[in-house]
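Chain by chain, the residues run as shown.
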Amino acid sequence: MSLEGKKILIIISGGIAAYKINFLIRDFVKQNAEVKVVLTPSAEQFVSKVTLSTLSKNEVLTEFYNDNGTWNNHIELALWADVVLVAPCTANTLSKMVHGLCDNLALAVYLSAKCPVFIAPAMDLDMYAHPSTKQNLELAEDFGHIIIPAEYGELASGLVGQGRLAEPETIYTTIEEHFSNAHQSLKGKTILITAGPTYEAIDPVRFIGNHSSGKMGYALAEEAARRGAQVILISGPSGLKPRHQNIQLHRVVSAKEMFNAVFQYYNAVDIAIASAAVADYTPKVVADEKIKKNEDTFTIELVKNPDILKTMGERKQHQILVGFALETQNEVENAKGKLHKKNLDMIVLNSLRDEGAGFQKDTNKIRLITAEEEQPFALKPKEEVAKDILLFIEHKWLK
Ligand code: PMT
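Source: prediction; values computed, not measured.

A.B. asks: Would you mind going over the nonpolar core in detail, with residue names and values included?
C.D. replies: Counting residues in each nonpolar core, the largest one holds 32 residues, and the members touching the most others are Ile10, Ile12, Phe28, Leu85, Ile171 and Ile175. When contributions to this core are tallied by element, the ones reaching two or more residues are strand S1 (7-12), helix H1 (20-30), strand S2 (34-39), strand S4 (83-89), strand S5 (117-121) and helix H8 (168-181). With 5 residues, H1 is the single largest residue contributor to this core. Beyond its immediate sequence surroundings of up to four residues, Leu85 is in contact with Leu9, Ile10, Ile11, Leu24, Phe28, Phe118, Ile148, Ile171 and Ile175.

A.B. asks: Explain the pairing of strand S7 (residues 151-154) residue by residue, including any values.
C.D. replies: Strand direction decides the pairing type here: S7 and strand S8 (residues 160-164), joined by 4 bridges, are antiparallel. Note on S8: the bridge partner recorded for Tyr152 is Gln162. Between S7 and the antiparallel strand that follows it, S8, lie 5 residues; Gly158 among them carries a positive phi value of about 95°.

A.B. asks: Kindly report on the packing of aromatic side chains, identifying the contributing residues and their values.
C.D. replies: Enumeration over the complete set of coordinates arrives at 4 aromatic pairs. Ring geometry for Phe28 versus Tyr172: centroids 5.4 Å apart, planes at 25°, classification stacked. Of this pair, Phe28 sits in helix H1 while Tyr172 is found in helix H8, placing the two residues 144 residues apart along the sequence. The exposure classification of Phe28 matches that of Tyr172, with both residues buried. Here the aromatic rings of Phe263 and Tyr266 are separated by 5.6 Å at their centres, their planes lie at 75°, and the arrangement is edge-to-face. For the pair formed by Phe263 and Tyr266, the shared burial category is buried.

A.B. asks: Explain the side chain of Ser275 to me, using residue names and the numbers behind them.
C.D. replies: The residue Ser275 is located in the loop between strand S14 (271-274) and strand S15 (281-283) in this model. Residue class for Ser275 comes out buried when judged on its relative accessible area of 12%. Among the polar contacts made by the side chain of Ser275, one reaches the main-chain carbonyl oxygen of Thr194 at a distance of 2.6 Å.

A.B. asks: If you had to explain the state of the cysteines to someone new, which residues and values would you point to?
C.D. replies: Two cysteines whose sulfur atoms are joined by a covalent bond form what is called a disulfide. The full count for this structure, using the stated rule, is 0 disulfides. In this structure Cys89 is not part of a disulfide, and its nearest cysteine sulfur, from Cys102, lies 15 Å away. Take Cys89: its relative accessible area is 0%, and that puts it in the buried class. Left without a disulfide partner, Cys115 is nearest to the cysteine sulfur of Cys89, which lies 15 Å away.

A.B. asks: Help me get a handle on the pairing of strand S20 (residues 366-369), residues and values and all.
C.D. replies: As judged from the 4 bridges shared by strand S18 (residues 346-351) and S20, these two strands associate in the antiparallel manner. Among the inter-strand pairings, Val348 is bridged to a residue of S20, identified as Leu368. One ladder, built from 3 bridges, connects S20 with strand S21 (residues 374-376); its direction is antiparallel. The residue of S21 that forms the bridge with Leu368 is Gln375. Taking the residues that link successive antiparallel strands as the turn, the S20-S21 hairpin has 4 residues.

Conventions used here
- Residues numbered from 1 in each chain as written.
- Predicted model: local features only at pLDDT ≥ 70, side-chain atom pairs only at ≥ 80, totals over all residues.
- Heavy atoms only, no water.
- Core = buried A, V, L, I, M, F, W, Y, C linked by side-chain atoms within 4.5 Å.
- Buried < 20%, exposed > 50% of the residue type's maximum accessible area, 1.4 Å probe, protein only.
- Helix = DSSP H or I, 4+ residues; strand = E, 2+ residues; numbered from the N terminus.
- Contact = heavy atoms within 4.5 Å.
- Pairing = 2+ DSSP bridges.
- Phe/Tyr/Trp six-rings, centres within 6.5 Å; stacked < 30°, edge-to-face > 60°.
- Polar contact = N/O pair within 3.5 Å; in protein donor to acceptor, adjacent residues only side chain to side chain.
- Disulfide = S-S within 2.5 Å.

Bear in mind that shape data such as this cannot, by itself, settle questions of function.
This is the structure we're talking about:
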């Protein structure tokens, strides 16, 4: 992938690793990217403006005003950029960024940026491990920024641990991948994704649920958003948080709530993917108070929940409809049955008999089944599985 013409704005803050950015700029410029550099005031202690401006072929800025009294327009700089990279990002600059402080040009540029922001932190190991740094990195992720984590190794203090700036090659590859993924193959499409389990209340403290973590559905949502889609993620209870700004999260608890949320959006979406593990049954009566353990046995009468995916199949107009099948036996036959009964365009089969597949795992092993064909895939991280599913959909229906 060429970086030709890509506009990369690098904010360097004051850390010993700042010298590594010289190599990064050289590599970006070699690929004909346009690079501009803004320094925080303390970064000037660590790098030479002359070196940076020679390598980037652009003036390097630190102050709001130049010696001749002219103003450096931070808004223009921020809007110029296709990406902003903050590297190295010190604990101080990170903290100011996520709390909206704006006492130097670099922070003003950051606050004005509308493009993706990459943050490569670098600091001593205890600072990196401090709860406030962790919280600040989480906040940055919540804003939709991409963190390029610090690496483990020898630090300027002589200590060994996590806190080293990621190597320039790692930062380079992350930025390059961003641009190559940004082919926006799903731009203009709206995708609805269901994820996670549902919880069916028995009484105010107990529920019937399942082991779904939401990892598969959230991975699909992130990948679809990276490809430019607007994503509506309808999630049952899950500890996960979406990162990408194109993901609109709608949290639900029970199957009925998931049903209602899905049909609030379904008519307007182009693609729907049901990866949630929805409870098939729910207690007929939910006790108002906590049920006491007076008897040796206890019976709960269950009634069928609505089948969300089947109803989507019945109401299908223009949508590409994809379901999941989680099986433990006669996998392909059962999945094909669901493909047909629920009027799906494709079903993603995963089996609990495959090690590393299914609930909670970071990996999955799937087989994609349509009316015309079947394609098995190897065991892979769920992020890669999400790419396989979306690529298949793109090739089959969106070319
Ligand atoms: O969340 P993770 O921990 O990452 O785990 C991922 C997963 C194992 C949950 C996921 O890969 C998966 O297989 N999801 C579907 C689980 C499931 O409920 O499968 P099923 O074969 O019972 O249901 C078939 C399809 O109908 C599914 O798309 C399901 O979302 C849908 N369904 C089922 C029942 C119901 N009442 N409404 C539905 O929409």
